[in-house]
Amino acid sequence: MEPNLASRVLAASTEITTAALAGDDPDAVLPLVVRRAAELAEADLGLAMVRADDGRLTVEAAHGRVAGPGEDPVGTVLSARSTAARVARGAVPFVVDDFTADPRTAPYVPRALRGYGPFAVTPFGTRERKLGALAVYRRKGAAPFAPVAVDVLASFAAHAGLALVLAEGSTARQRIAVYQERERIARDLHDVIVQRLYASGVRLDVLSRKLADRLDPAERDRLTDAVDQLDRTIAEVRATVRALRSADPYQPAKVPDLLDSVRAEVHTAGELLGFPPRLEIEGDPADVPVAVADHARAALREALSNVVRHSGAHTVLVRLSRDAGTLRLSVSDDGCGIPPGVTRRGLRHLEERAAAAGGHCEVVSSARSGTTVSWTAPVPS
């Protein structure tokens, strides 16, 4: 490998490793990986494809020119039998001069990619954690990828994949540490603070009754108000305890009721957005089964997270409704919509949550009207 090319590969790998291990959002790091891969391979288009459990690949990020106006490869699902899917499952790169004509690849070419010819794809991830594949393309009639370009792509994909896998592990450890710390704080609040507040309130109440005949009305009212404030504080602390414990998937027995969780998530989103989202509740979700409530809670958190991170919205509306047989959750914003070329991993998580609960998720988005996520799941009547 030429010294200049080797230094470029090293610089790109270092950039990806720094971004991944710095705790950046993987959804933000993946487009950077694709951009650097396309530049190193001198390709017209680069795609990052994430592997699902069933072997299919979903295009999660793209860099370069698409085949035609309005054709966005992001979100395209490739067959488990496609060359890219086979490469993602294995460990050997694949290269061909024209993937629209070669019989090994031609049957699986998506419409958005029919304007390309030279094609190279390499595994992305590690031997133990296969994330998917990195693919690069050149326009029809362009020079095919040379062996050195394929070697560069494979080397970069291995380094970048390792960085993201290490970042996943680091993020998981940090998440567990946060869960443990939240549980500790919740336990201290419940077992120490609440008990002391309760004891103080009881003592003040007893004292006010004993001194009832000796106090003038104004003093008696102030003492009664102090007891009422302690009661309200206890209720707020208990709500905080429930909110702290609601985020821990390893403590299902301590999950709060769904309505409390929804209010807590909306409140948190309001603090991050700088304005409170509007919340509308219809029906009583108190008897929603724990499993469905867990999925709904996670879906709401994911939807609001997307609004906070990406939308630039000025208004947000959250609706939760429960009728005889269905739980409905929607999050609407007036933001910029979902721009083409961005990763859709978060939206796929919403769909997976809905499917796991036996329901479905629909996303409607445009630059003019913003985005609405509608999530539903069946519940027993």
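Heads up: the structure comes first, above all this text.
For every chain, the first residue of the written sequence is number 1, and numbering continues from 1 onward in sequence order. Reporting in this predicted model follows two pLDDT cut-offs: at least 70 for local features of residues, and 80 or more for side-chain atom pairs to be given and counted; totals over whole chains, interfaces and linings ignore these cut-offs and use all residues. The basis for the side-chain values is all heavy atoms of the structure; hydrogens and waters are excluded.

Participant: Hey, could you go over the packing of aromatic side chains for me, with residue numbers and the actual values?
Facilitator: Any two of the Phe, Tyr and Trp rings considered here, Trp counted by its six-membered ring, make a pair once their centres fall within 6.5 Å; the pair's planes then place it as stacked at under 30 degrees, edge-to-face at over 60, or tilted in between. Under the counting rule described, the total for this entry stands at 5 aromatic pairs. On the basis of an interplanar angle of 55 degrees and a centroid distance of 5.8 Å, the ring pair of Tyr116 and Tyr137 is categorised as tilted. Of the two residues, Tyr116 is situated in strand β5 (residues 116-125) and Tyr137 in strand β6 (residues 130-139); the sequence distance between them amounts to 21 residues. Taken as a pair, Tyr116 and Tyr137 share a single burial class, namely buried. Clustering of aromatic rings is evident, with ring pairs tying together Phe94, Phe99, Tyr116, Phe119 and Tyr137. Helix and strand assignments come from DSSP, with helices taken as H or I runs of at least 4 residues and strands as E runs of at least 2, each series counted from the N terminus. Think of it in three bands: with a 1.4 Å probe and only protein chains considered, a residue is buried below 20% of the maximum accessible area for its type, exposed above 50%, and partly exposed in between.

Participant: Tell me about a positive patch on the surface, and name the residues and values.
Facilitator: Only residues above 30% relative accessible area that lack a salt bridge enter a patch, with like-charged residues linked at up to 9 Å and the nonpolar side chains Val, Leu, Ile, Met, Phe, Trp and Tyr linked at up to 5 Å. Here the open area of atoms and residues is found with the Shrake-Rupley method and a 1.4 Å probe, where only the protein chains shown may cover a residue. Salt bridge, as used here: a side-chain nitrogen of Lys or Arg that lies within 4 Å of a carboxyl oxygen of Asp or Glu. Think of it this way: Lys and Arg go in the positive column, Asp and Glu in the negative one, and His and the chain ends go nowhere. By convention, charge coordinates are those of NZ in Lys, CZ in Arg, CG in Asp, or CD in Glu. Taken together, the side chains of Arg51, Arg81, Arg86 and Arg89 present a region of like positive charge at the surface. Along the chain, Arg81 falls in the loop between β3 (77-78) and α3 (83-89). With a relative accessible area of 60%, Arg81 lands in the exposed category.

Participant: Could you give an account of unusual backbone geometry, naming the residues involved and the relevant values?
Facilitator: The backbone of Glu42 sits at a positive phi, close to 55 degrees, despite the residue not being glycine. For Glu42, the position within the fold is in the loop between α2 (26-41) and β1 (45-51).

Participant: Account for a negative patch on the surface, with residues named and values stated.
Facilitator: Residues Asp216, Glu219, Asp221, Asp225, Asp228 and Asp231 make up a contiguous surface patch of negative charge. Turning to its location among the elements, Asp231 is positioned in helix α5 (residues 217-246). On the basis of relative accessibility, which here comes to 43%, the residue Asp231 falls in the partly exposed class.

Participant: How would you summarise the side chain of Thr376 if you had to cite specific residues and measurements?
Facilitator: Along the polypeptide, Thr376 turns up in strand β11 (residues 370-378). Setting aside residues no more than four positions away along its own chain, Thr376 makes contact with Thr326, Leu327, Arg328, Ala354, Gly359 and His360. Residue contacts follow a heavy-atom distance rule, with two residues in contact if any of their heavy atoms lie within 4.5 Å.

Participant: Can you tell me about the sheet that holds strand β10 (residues 360-366), naming the residues and giving the values?
Facilitator: At least two DSSP bridges between two strands are required for those strands to pair. Spatial ordering of the open sheet is given by β7-β8-β9-β11-β10, a layout of 5 strands whose pairing is mixed. The open sheet has two edge strands, β7 (278-282) and β10, and neither has a second partner. Each strand axis lies, on average, 10 degrees off the axis of its neighbour in the sheet, ignoring direction. Here the axes come from fitting lines to C-alpha atoms, over the contacting stretch only for helices, and the angles between their N-to-C directions go from 0 to 180 degrees. Of the strands in this sheet, β8 (316-322), β9 (326-333) and β11 are in contact with helix α7 (residues 290-311), which crosses β9 at around 5 degrees.

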